[in-house]
Amino acid sequence: MSQSDIAVDFAKIGPSHKPFVVAEISGNHNGDLQRALDIVDMVADAGAHAVKLQTYTADTLTIDATGPAFTISSEHPLWGGSTLHDLYSTAFTPWEWHAEIFDRARKRGLIPFSSPFDDTAVDLLEELEAPLYKIASLEVGDLALLRRVARTGKPVILSNGAATLSDLDLAIQTIRNEGNDQIIVLSCTSSYPASPTESNLRSIPVIRDALDVQVGLSDHTLGIGAAIAAVAFGASVIEKHVTLSRSDGGVDSDFSLEPHELAALVRESETAWLALGVPTLRPTASESESLRLRRSLFVVEDVLAGDVVSPLNVRSIRPAGGLQPEFLGVVMGRRFTQAIERGTPLGWAHV
């Protein structure tokens, strides 16, 4: 059942619909509500379908501690040396902003939703009538959170970054045990930025078939190449981080799309979906003119009854209308049964 269409507000998600493009604001608002609203407007102008937040505070995610376990490795290209609490204090979206951001998104024709990280976040998002939920990669093992979200009865998106197939299976069974089978799993590499060599897009149909779920990609690579390729592997949802300009800085700006790139993603992901078509090797409806111009056998010189068919008077040329070129060797050496004008398609009655 989970591979059937999933309805979210005015949109439907599934293989028979164009990819559902989700723009993740994350911490790229840089602590400025107006900037967050400007990003929402940009997302709408680019043609994306949904805008996503992350609903947490530093204290709902971790504790204020400085030990090695609470400090990001110094080798990390973006956040090395920061404590978890400091990073989340910088990146979080204030809860009092959510209503205004959701309202702006809806006025611009977008579907707003978020990733909650605890029960209080779910409570807030329920008050705002969020139409679906996203579980972040590192929360896939938080079964209590999964149950809380599943009980809303709304679609649930899971990211599989740093998760095994058994981790995903447990998460999905936890959601289904609450009577919710509206599940989408996004293939994800939980590194920032991610290397295309670790995207492993071929896992997308494996996830779909093994777990009987809708599938997509949460992409942290640079650019849109991996996201477009994911559509060919069955991705119905594409999620990318976005910003107004990478030069403005921000916790996630280095791997976020700028406005023109997001617009290109929306356009080209739909093109990729349309291009999938069906597995057929027969001519398409639009090829009727090309079929008319295929090669066939034509009389290329005026001939009389009794003349011998030769390469001088019969050739395989464009357009169609005569015998198939495969019969050229068969008719050679036969005699014409009647006089024929140059430019006449050759038929069996002629030889």
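Heads up: the structure comes first, above all this text.
Rules of the game
- Residues numbered from 1 in each chain as written.
- Predicted model: local features only at pLDDT ≥ 70, side-chain atom pairs only at ≥ 80, totals over all residues.
- Heavy atoms only, no water.
- Phe/Tyr/Trp six-rings, centres within 6.5 Å; stacked < 30°, edge-to-face > 60°.
- Helix = DSSP H or I, 4+ residues; strand = E, 2+ residues; numbered from the N terminus.
- Buried < 20%, exposed > 50% of the residue type's maximum accessible area, 1.4 Å probe, protein only.
- Pairing = 2+ DSSP bridges.
- Right-handed = clockwise from strand over helix to strand, strands pointing away.
- Arc of directions from axis to C-beta.
- Contact = heavy atoms within 4.5 Å.
- Axes fitted to C-alpha atoms, helices over the stretch in contact; angles between N-to-C directions.
- Parallel < 35°, antiparallel > 145°, perpendicular 65-115°, else oblique.
- Left-handed = near helix turned anticlockwise from the far one by under 90°.
- Nonpolar A, V, L, I, M, F, W, Y, C, P; charged D, E, K, R; others polar.

(A) Structural view of the packing of aromatic side chains. A full pass over the atoms with the stated rule returns 4 aromatic pairs. Centre to centre, the rings of Y192 and F255 are 5.5 Å apart; their planes meet at 45 degrees, and the pair counts as tilted. Taken together, the residues Y192 in the loop between β8 (183-188) and α8 (203-211) and F255 in the loop between β10 (237-241) and α10 (259-276) connect sequence positions 63 residues apart. Ring centres 5.3 Å apart and planes at 70 degrees place the aromatic pair F327 and W348 in the edge-to-face group. Note that F327 is positioned in the loop between β12 (314-317) and α12 (328-331) and W348 in the segment after β13 (344-345), a separation of 21 residues in sequence. Owing to a relative accessible area of 40%, W348 belongs among the partly exposed residues under this scheme. Each member of the aromatic cluster is reached from another via a ring pair, and the members are Y56, Y88 and F117.

(B) Molecular detail of the pairing of strand β4 (residues 50-55). Of all 6 residues in β4, 6 are buried, a share of seventy percent or more. Sheet topology places strand β3 (residues 20-24) next to β4; 3 bridges connect them, and they run parallel. Note on β4: the bridge partner recorded for V22 is A50. Regarding the hand of the β-α-β motif, the stretch spanning β3, helix α1 (residues 33-46) and β4 is right-handed. Inspection of the sheet shows β4 paired to strand β5 (residues 111-116) by 6 bridges, in the parallel sense. Counterpart to K52 in the pairing with β5 is F113.

(C) Region of the structure containing helix α6 (residues 143-150). Those residues of α6 that sit buried are L145, L146, V149 and A150. An end-on view of α6 places all buried positions within 130 degrees of arc, on one side of the element. As for α6, its buried residues are in contact with β5, α5 (119-127), β6 (133-135), β7 (156-159) and α7 (165-176).

(D) Fine view of the packing of helix α9 (residues 225-232) against α10. Direction vectors running N to C along α9 and α10 enclose 25 degrees, while the axes themselves pass 8 Å from each other. Relative to α10, the element α9 lies roughly parallel. As α9 runs across α10, the sense of the crossing is right-handed. Residues A227, I228, V231 and A232 of α9 form the contact with α10, whose participating residues are L265, E268, S269, A272, W273 and L276. The residue makeup of the contact of α9 with α10, split by class, is 8 nonpolar, 1 polar and 1 charged.

(E) Here's a closer look at the pairing of β3. Of all the 5 residues making up β3, 5 are buried; the element is thus mostly covered by neighbouring parts of the structure. Of the two faces of β3, the one lined by F20, V22 and E24 and the one lined by V21 and A23 are each fully buried. Bridge analysis of β3 against β10 gives 5 bridges, and the strand direction is parallel. Pairing of A23 across the sheet is with K240, part of β10.

(F) Local environment of unusual backbone geometry. For the peptide bond that leads from Y192 to P193, omega is -10 degrees, which places it in the cis range. On the secondary structure map, P193 appears in the loop between β8 and α8. Here the bond from R318 into P319 is cis, since omega is 10 degrees, no more than 30 degrees from zero. Among the secondary structure elements, P319 is positioned in the loop between β12 and α12. One non-glycine residue, D9, lies in the positive phi region at around 55 degrees. Among the structural elements, D9 can be located in the loop between β1 (6-8) and β2 (11-13). For D212, which is not glycine, the phi torsion reads 55 degrees and is therefore positive. One can find D212 in the loop between α8 and β9 (214-219). For D212, a relative accessible area of 30% puts it in the partly exposed group.

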